[in-house]
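# Geometric and topological summary
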Amino acid sequence: MLTTLACTLMAAGATAQVLDVNIGSVTYRYNAGDCGQMTYGDNGTTLTIGQKTYTLSEVTDIKTAPTGSMDSTVNVVYSAAAASVTIPGHLAPYVTAAVSGAHVSIAQSSDVSDDTCGEITYNLSGASDDGEFYLSGSYKATVEMDGLTLTNTSRTYSGAPIYIDNGKRIDLSVKKGTENTIKDTAASTEKGCLYCKGHLELKGQGTLNIYAYGTAAHGIKTGDYCEMRKCTVNILSAAKDGLHANAYFLQESGALTISGVGDDGIQVELDGTTNTGETNDHDGEDSANIYIADGTLTVTTTAVGAKCLKSDNAVNLRGGTIDCTAKGGVDTSNSSDLSGSCAIKAETALNISGGTVTAKATGQGGKAISSDGTITISGGTVSASSTGSNYG
C-alpha cells in the first residue's frame, strides 16, 4: 500500500496544485509544489510532510486536486449533523482538530507566536442543530462568524455552542453582510452561550443573535474585558445576565440589544483585587467600569431587582444612543437587603458627558438612575423617569 501511495503522489505531483491529507473530517491542505521531500518513518507507519508527521493508520486518504483555497485561515464548515475542518499545511504543526459529528474541538499549540506562524484565524460557517466550536490555546486568535447557525444540544467538549478556552485576546469578527445565530439548551451548565476565557473584542459589520437557555448561562461571558465596535449583537434570551464581563466593558460603536434575560442586562466586575481605574487606551485596565462611547445600546430587563447596566465601579456614558428600561419589581429574597430594579446602576460614580440617554424604571420600587457615589451630568441629553409604585 505504501509503495502505491508514493507512486500515486509522484505521478500526480506534476500537475496538481493542492495536496490534501484527510484524517476523518479533518483535512490538512498543502500546496503540492511546496511539499518537498515527503519521508516515511517508523518502518513505513508514519509520513512526514514539512514539519508535521502523520500516523498512516489514522489517515483516511491522501489525494491531489487541481485547485483549492490556500490562505492562512482554518475553515470550519457545519452541515446538519456533521462538520469539516480544513487546515492549511503551514499551520499543520500548530493546530490539532478533533471532530465528533458536528462538535469541533481545536487545540492551538503553545508554540504559536509571532516568531512561528503568527495569529491564526478560524472561520465558522454553515448550520447544525447539535454542534459546537471549542478552541483552546495560549496565544491570541481571531474567530470569524461567516453565516453560522449553531445550537449545542448535547455536551461533547462543552455545553456552549462557542467556547473559547484561551486567556489571551480573541477577536470575534461577525463578517459583513452575514447573520449568525447561536443557542444552547437548558441542559448546559456553562457560564455563557458565548464564553471566552480571556479578552473578547466583538467586531465586524454583520449580525450575531444569541439565545442562552442554559440554567447557569449568561448570553456572553468573558473572563476579562469585553469591547465592541461596528457589529450588531442581539442577546435575546439568557437565564442570567445578558453580558457579564470582568475588568471593563467598552462599546465604541455598533448596535447592542439585550432583552429576555433573567438578571441584569450588562454587569461588569473586577477581574482581580486591585482597581486600576481607567488607564490610557485601557491598557492593562481592571476597573470594573462600563464605557459607552458611541453606537446604539438598548436594554430591557424584567427580573426583580435587575439592572440594565450594573458596574461594580463607574458607568461612563460619553456618546451614542442609550435606552434602558427596568421593568422588574423589588427582590425580596433577602429580607435584610431588599434590592429594587434600576435602569442604570453605578457603585461609585455615574458620569454622563454625551449622547442621548433614556433611563426608565416601571417596576414597583424601581429607580431610573442610581449611584452609591456621585452622579455627574456634564453633557448629552438625559431623560430619566420612575413610574412604578412605591414599595412598602
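Report follows, based on the coordinates. All of these numbers come straight from a predicted model, not from anything done at the bench. (Residues numbered from 1 in each chain as written. Predicted model: local features only at pLDDT ≥ 70, side-chain atom pairs only at ≥ 80, totals over all residues. Heavy atoms only, no water.)

### As for the overall build of the chain
Our working rule: Only runs of H or I of at least four residues qualify as helices and only runs of E of at least two qualify as strands under DSSP, and these elements are numbered from the N terminus. Think of it in three bands: residues with accessible area under 20% of the maximum for their type are buried, residues over 50% are exposed, and the middle band is partly exposed, with areas taken using a 1.4 Å probe on protein chains only. A contact between two residues is defined here by any heavy atoms of the two lying within 4.5 Å. Per-residue accessibility takes into account occlusion by the displayed protein chains alone, with areas from the Shrake-Rupley method and a 1.4 Å probe. His is not counted here, nor are the chain ends, while Lys and Arg score as positive and Asp and Glu score as negative. Charge coordinates come from a single atom per side chain, which is NZ of Lys, CZ of Arg, CG of Asp or CD of Glu.
A count of helical and extended segments in the chain gives one helix and 35 strands. Expressed along its principal axes, the backbone C-alpha trace of the chain runs to roughly 85 × 40 × 35 Å. In the chain, which comprises 392 residues, the share counted as buried stands at 51%. In the chain, 66% of the contacts between residues at least 6 apart in sequence involve partners at least 24 apart. Looking at the chain as shown, the accessible area adds up to about 15900 Å², and 45% of this sits on carbon and sulfur atoms. Side-chain charges of the chain comprise 24 positive and 41 negative groups, with the mean position of each set lying 4 Å from the other.

### What to know about the pairing of strand S15 (residues 169–174)
What counts, and what does not: Pairing between two strands is assigned when DSSP locates at least 2 bridges connecting them.
Burial within S15 is extensive, with six of its six residues counted as buried. Going residue by residue along S15, you find Arg169, Asp171 and Ser173 tucked away on one face and Ile170, Leu172 and Val174 tucked away on the opposite face as well. Pairing of strand S13 (residues 141–151) with S15, which is carried by five bridges, proceeds in the parallel orientation. Paired with Glu144 across the strands is Ser173, a residue of S15. Where S15 and strand S18 (residues 199–204) come together, six bridges link them in parallel fashion. Across the sheet, residue Ser173 finds its bridge partner in S18, namely Lys203.

### Overview of the packing of aromatic side chains
We count it as follows: Here a Phe, Tyr or Trp ring, Trp counted by its six-membered ring, pairs with any other such ring whose centre lies within 6.5 Å, and the pair is stacked when the planes are under 30 degrees apart, edge-to-face when over 60, and tilted otherwise. Counted as over-ring charges are cases with an Arg CZ or a Lys NZ within 6 Å of the ring centre that also lie within 35 degrees of the ring normal.
The full count for this structure, using the stated rule, is seven aromatic pairs. On the numbers, 6.2 Å between centres and 50° between planes, the contact of Tyr122 with Phe133 is tilted. Within this pair, whereas Tyr122 is found in strand S11 (residues 120–128), its partner Phe133 is found in strand S12 (residues 131–136), the two being separated by 11 residues in sequence. The burial state of Tyr122 is the same as that of Phe133; both residues are buried. Judged by centre distance (6.3 Å) and plane angle (75°), the ring pair of Tyr248 and Tyr291 falls under edge-to-face. Of this pair, Tyr248 sits in strand S24 (residues 248–251) while Tyr291 sits in strand S27 (residues 289–292), and the two are 43 residues apart along the sequence. It is Lys52 that lies over the ring of Tyr54; its NZ or CZ is 5.6 Å from the centre. Positioned over the ring face of Tyr211 is Lys183, at 5.1 Å from the centre of the ring.

### Here we look at a nonpolar patch on the surface
So the rule is basically this: Put simply, a patch holds well-exposed residues, over 30% relative accessible area, that have no salt bridge, with like charges counted together within 9 Å and Val, Leu, Ile, Met, Phe, Trp or Tyr side chains within 5 Å. Each reported salt bridge corresponds to a side-chain nitrogen of Lys or Arg within 4 Å of a carboxyl oxygen of Asp or Glu.
Side chains of Ile375, Ile377 and Val382 sit close together on the surface and give an oily, nonpolar patch of about 230 Å² of accessible area. Tracing the backbone shows Val382 in strand S35 (residues 374–386). On the basis of relative accessibility, which here comes to 31%, the residue Val382 falls in the partly exposed class.

### Side note on the environment of Asp241
When you line up the elements, Asp241 lands in the loop between strand S22 (232–238) and strand S23 (243–246). With 25 residues separating them along the chain, Asp241 and Ile266 place their C-alpha atoms 6.4 Å apart. For Asp241, the residues in contact, after removing those within four places along its chain, are His218, Gly219, Val261, Asp263, Asp264, Gly265 and Gln267.

### Brief notes about the sheet that holds strand S5 (residues 52–55)
The criterion, for reference: The axes used here are C-alpha line fits, helices contributing only the stretch in contact, and every angle between their N-to-C directions lies in the interval 0 to 180 degrees.
Ordered by their spatial adjacency, three strands build an open sheet running S3-S4-S5, and the pairing between neighbours is antiparallel. Looking along the sheet, the strands with just one partner apiece sit at the ends: strand S3 (39–41) and S5. In this sheet, neighbouring strand axes are inclined to one another by 30° on average, regardless of whether the strands run parallel or antiparallel. Sheet analysis places strand S4 (residues 46–49) next to S5, joined by four bridges and oriented antiparallel. By the bridge assignment for S5, Ile49 is matched with Lys52.

### Quick notes on the nonpolar core
Buried together is how nonpolar side chains tend to be arranged in soluble globular proteins. Keep this limit in mind: Throughout, nonpolar core names a set of buried Ala, Val, Leu, Ile, Met, Phe, Trp, Tyr and Cys residues whose side chains join them through atoms within 4.5 Å.
Counting 88 residues, the largest nonpolar core has Ile106 and Phe133 as the members making the most contacts within it. Take this core: its biggest share by element is five residues, from S13. Of all hydrophobic cores here, the second largest spans five residues; its members include Tyr225, Ala247, Tyr248 and Tyr291.

### Some remarks on unusual backbone geometry
A positive phi angle, near 60°, is found at Asn43, a position not held by glycine. Tracing the sequence through the fold places Asn43 in the loop between S3 and S4. When its relative accessible area of 83% is taken as the criterion, Asn43 is described as exposed. Positive phi, normally seen in glycine, also occurs at Lys230, with a value near 75°. Within the secondary structure layout, Lys230 lies in the loop between strand S21 (226–228) and S22. Judged by relative accessible area, which is 57%, Lys230 ranks as exposed.

### Points about the pairing of S27
With burial as the criterion, each face of S27 is covered, one bearing Asn289 and Tyr291 and the other bearing Ile290 and Ile292. Direction of pairing for S24 relative to S27: parallel, over a ladder of four bridges. Counterpart to Tyr248 in the pairing with S27 is Asn289. For S27 and strand S30 (residues 314–317), the ladder comprises three bridges, and the chain directions are parallel. The partner of Ile290 across the bridge, within S30, is Val315.

Nothing here speaks to function; it is all geometry.
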